[in-house]
Amino acid sequence: MQDNERGGSTATEKITGSMKAHRLSFPSVWAKRMGFGGLIPFVLLALGVWLADPAYRAFTGLALLGYGAVITTFLGAIHWGLVMRAGAPPSLAVLAWGVSPSLVAWVALLLGPVTGLWVVAGLLWACYAADRVLYPRFQVQGWLPMRWTLTVVASASCLLGALGLMR
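Within each chain, residues carry numbers counting from 1 in the order of the written sequence. Given that this is a predicted model, residues contribute local features only at a pLDDT of at least 70 and side-chain atom pairs are listed and counted only at 80 or more, while totals for whole chains, interfaces and linings are drawn from all residues. Remark: hydrogens and water are excluded; side-chain values derive from all non-hydrogen atoms of the structure.

K.L.:
So what's going on with the overall build of the protein chain? Which residues, and what values?
P.N.:
In terms of helices and strands, the protein chain carries 7 helices and 0 strands. Labels follow the DSSP assignment, with helices taken as runs of H or I lasting at least four residues and strands as runs of E lasting at least two, numbered in each case from the N terminus. For the protein chain, the α and β elements follow one another from N to C terminus as α-α-α-α-α-α-α. A burial count over the protein chain gives 36% of its 167 residues as buried. A contact between two residues is defined here by any heavy atoms of the two lying within 4.5 Å. Relative to all contacts within the protein chain whose residues are 6 or more apart in sequence, the contacts with residues 24 or more apart total 72%. Per-residue accessibility takes into account occlusion by the displayed protein chains alone, with areas from the Shrake-Rupley method and a 1.4 Å probe. Split by element, the accessible area of the protein chain, about 9,700 Å² in all, is 71% carbon and sulfur. When a residue's accessible area, from a 1.4 Å probe over protein chains only, is under 20% of the maximum for its type it is buried; when over 50% it is exposed; and in between it is partly exposed.

K.L.:
So, the packing of helix α4 (residues 54-86) against helix α6 (residues 113-137): which residues are in play, and what are the values?
P.N.:
Direction vectors running N to C along α4 and α6 enclose 20 degrees, while the axes themselves pass 9 Å from each other. The angle between the axes of α4 and α6 places the two elements in the roughly parallel class. α6 is crossed by α4, and the crossing has left-handed handedness. Counting all contacts with α4, which are made through Gly 61, Leu 62, Leu 64, Leu 65, Gly 68, Ala 69, Ile 71, Thr 72, Leu 75, Ile 78, His 79 and Leu 82, the residues of α6 involved are Pro 113, Gly 116, Leu 117, Val 120, Leu 123, Leu 124, Cys 127, Asp 131, Leu 134 and Tyr 135. Convention adopted: a line fitted to C-alpha atoms gives each axis, helices being fitted over their contacting stretch, and angles between N-to-C directions are expressed from 0 to 180 degrees. Oblique is the label for any angle not under 35 degrees, not over 145, and not in the 65 to 115 range, which are roughly parallel, roughly antiparallel and roughly perpendicular in turn. In a left-handed crossing the near helix is turned counterclockwise from the far helix by less than a right angle, and in a right-handed crossing that turn is clockwise.

K.L.:
Residues and numbers for the side chain of Thr 151, please.
P.N.:
Position of Thr 151 among the secondary structure elements: in helix α7 (residues 144-166). Thr 151 sits in the buried class, given a relative accessible area of 1%. If we ignore the near neighbours within four places in the chain, the residues touching Thr 151 are Leu 124, Trp 125, Tyr 128 and Ala 156.

K.L.:
Just give me the short version of the packing of helix α5 (residues 92-111) against α6, but keep the residues and values in it.
P.N.:
One way to put it is that α5 packs onto α6 with a least axis distance of 8 Å and a crossing angle of 170 degrees. Judged on the interaxial angle alone, α6 and α5 are roughly antiparallel. For the pair α5 and α6, contact is made by Val 94, Trp 97, Pro 101, Val 104, Ala 105, Ala 108 and Leu 111 and by Thr 115, Gly 116, Val 119, Val 120, Leu 123, Ala 126, Cys 127, Ala 130 and Leu 134, respectively. Polarity classes work like this: nonpolar for Ala, Val, Leu, Ile, Met, Phe, Trp, Tyr, Cys and Pro, charged for Asp, Glu, Lys and Arg, and polar for all others, with Gly in that last group. Here the contact of α5 with α6 is built from residues that sort into 14 nonpolar, 2 polar and no charged.

K.L.:
Any chance you could break down the pattern of salt bridges for me, citing the residues and the numbers?
P.N.:
Note that side chains of opposite charge can pair when their charged atoms are close. In what follows, salt bridge is the name for a side-chain nitrogen of Lys or Arg lying within 4 Å of a carboxyl oxygen of Asp or Glu. Taken as a whole and judged by the stated rule, the model has 1 salt bridge. Arg 147 is paired through a salt bridge with Asp 131; the nearest N and O atoms lie 2.7 Å apart. A residue pair is termed long-range when its members are at least 10 positions apart, and Arg 147 in helix α7 and Asp 131 in helix α6 qualify at 16 residues. Neither residue differs from the other here; Arg 147 and Asp 131 are each classed as buried.

Written out as structure tokens, the structure is:
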């Protein structure tokens, strides 16, 4: 009787499953396109703070802050998805971290555009630092190079936006 008839998996199924898991640990072409496309509002709004008519500068800064807050909420939520995908008992620490960026982003919104953008820029780096620790545990460390680039551009946009509002 073969392994799969006894409820086990064949060598081919194990290799196929391993290849699929390996593929999932790196961003697909579409994930890269969408990730980098998500930088467009950061860059355009940061430029808008510097180039917009002074009457629209505050609104543009607020729009940048709002977008940054939404993105950091998304970055935290990814960890809930990783826990769900793992199929193991959830780690309270990972789940708690998953909601923390949302709470900090909410406070950043209450602080106003200048201070809030500084907070969001720092929060983006805190999310990246957490991902450097947690992604390898979930075998998705192949996403870290893309996350690095996204964090650099998004946080720089927030800081440039804050500086533009302070002038």
